[in-house]
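Residue-level structural notes
Spelled out, the chains give:
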Amino acid sequence: MKFAALAAALAVSALCLPAATTVKKGDYGKMPDGTPVAIYTLTNGALEARIITYGGILVSMKTPDRKGVAGDIVLGHDDLAGYMGDKGTYFGALIGRYANRIAHGAFTLNGAAYKLAKNNGENALHGGLAGFNSRVWAAREVPGGVELSYTSKDGEEGYPGTLKAVVTYLLTTNSLQLHYTATTDKATVVNLTNHSYWNLRGDGDILNNLLTINSDRYTPVDAGLIPTGELKSVAGTPFDFRKPTAVGARIAQNDPQLQLGHGYDHNWILNKSGKGPELAARVDDPASGRFLEVYTDQPGIQFYTGNFLDGTVKGKGGKPALLHAALCLETQHYPDSPNKPSFPTTELKPGAKYDTTTEFRFGTR
Ligand code: BGC
């Protein structure tokens, strides 16, 4: 082959090869007891994800807009002190042992009664007073990303069983993948998620974002945001996102469920055709041209419109996090499943493996 032809062939194959992810580890400060916190920077082509070992928090996610200009599309803080001092938002964190709410901070499993801290009114929320979001995870670099491990002791935050959780963040050319596994030595309940606050424009509010959720039904809630147990059709309600609809189009409607949530703060039951990850939701930001697709094998997704952000919490650059500054799409089992025998079970038994995948795909149009 002539040199020019060979060079052209090589150039083509180089274009076709997916860019490899590079992983870089840095320091992110120390916990009050001296435990070091690390930050992992994953880069692949135009994407960059930064994850810290405190809470396994996705502290920044940079993706290009339609003009190719990179921007950070998640809310967060500037430093470790910011994350440690923020007890309410769960910006970017890994949530466990049980994401979302458990009614009255209590459940019974195989005849034994368990009590959890009531850290959200009368209910337990996001794993308790010191959930997985505020623990320092062990970390190691793996091809394409970082693997985080945390062992939660038997009885920690009131949950039974020693739970070994391993969460891997992988960056590809167009996505961030989260792979969650866990095992236990005693029957327990598990519901892990990531609590990123997405703002695809990187600024302002998310009310103009077009949202699609692949769901025909959701779980209406009571005043404490605990599901009533009903699986309600979204048809004819402001909860129908089966076609792309602006997040803000119906958020202020006189709807009892929207009033209870102060906006959207509900679990949608995902339509499923198989067992593997499927498209659960898509967000299109007309301003930046960015879109986000969420794929998961989980049965539900909590769509939360940052209704409790009121400017009290200061985010990156000291900027107040204002109402509807971001949206969360938390892939999960339904809230309060440990008290709802009719919901898919969240019980993990010894010898079994909790194993689930969620992928956030990024693009522009
Ligand atoms: C909950 C909200 C809560 C937010 C931050 C979401 O998962 O559904 O009610 O305010 O997390 O804690």
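Since we're looking at a predicted model, the values are computed, not measured. (Residues numbered from 1 in each chain as written. Predicted model: local features only at pLDDT ≥ 70, side-chain atom pairs only at ≥ 80, totals over all residues. Heavy atoms only, no water.)

**Details of the sheet that holds strand β19 (residues 232-233)**
If you walk across this open sheet you meet the five strands as β19-β18-β21-β24-β25, and the pairing is antiparallel. In this open sheet, the two strands that pair with only one neighbour each are β19 and β25 (328-332). One ladder, built from five bridges, connects strand β24 (residues 300-304) with β25; its direction is antiparallel. By the bridge assignment, Phe-303 is partnered in β25 with Leu-329. (Pairing = 2+ DSSP bridges. Helix = DSSP H or I, 4+ residues; strand = E, 2+ residues; numbered from the N terminus.)

**A word on the site of the ligand**
By nearness alone, 14 residues border the ligand, and Arg-101, His-126, His-195, Asp-265 and Glu-330 come closest of all. Residue Asp-265 places a side-chain N or O atom 2.5 Å away from an oxygen atom belonging to the ligand. At 2.6 Å, a side-chain N or O of Glu-330 approaches an oxygen atom of the ligand. In the complex, 96% of the free accessible area of the ligand, which totals 310 Å², lies under the protein chains. Here the ligand is seated within the largest pocket. Along the lines of polarity and charge, the residues of the shell around the ligand split into six nonpolar, five polar and three charged. (Near = heavy atom within 4 Å. Polar contact = N/O pair within 3.5 Å; in protein donor to acceptor, adjacent residues only side chain to side chain. Areas by Shrake-Rupley, 256 points an atom, 1.4 Å probe, with all protein chains shown as cover. 1 Å grid on protein atoms, 1.4 Å probe; cavity = no way out; pocket = protein on both sides within 12 Å on 5 of 7 lines; lining within 4 Å. Sits in = over half its atoms within 2 Å of the grid points. Nonpolar A, V, L, I, M, F, W, Y, C, P; charged D, E, K, R; others polar.)

**Section: the confidence of the model for the protein**
Low-pLDDT stretches of the model should not have their predicted coordinates read in fine detail. On average, residues of the protein score 95 in pLDDT, and 95% of them reach the 70 mark or higher. Throughout residues 1-14 the model reports pLDDT below 50, and contacts reaching past four residues in sequence, or to other chains, amount to one contact. (pLDDT = per-residue confidence, 0-100. Contact = heavy atoms within 4.5 Å.)

**Considerations on the environment of Arg-201**
Turning to its location among the elements, Arg-201 is positioned in the loop between β16 (193-195) and β17 (210-213). Once the C-alpha coordinates of Arg-201 and Asp-72 are considered, the two residues, 129 residues apart in sequence, prove to be 8.6 Å apart. Apart from the residues lying within four places of it in its own chain, the contact partners of Arg-201 are Asp-285, Ala-287, Ser-288 and Arg-290. A polar contact of 3.0 Å, which involves the side chain of Arg-201, links it to the backbone oxygen of Asp-205.

**Describing the pairing of strand β27 (residues 354-364)**
Note: strand β14 (residues 175-184) against β27, eight bridges, orientation antiparallel. Within the sheet, the bridge partner assigned to Leu-178 lies in β27 and is Thr-358. When strand β23 (residues 290-296) meets β27, the two strands line up antiparallel, connected through seven bridges. Looking across to β27, one finds that Val-294 is bridged to Phe-360.

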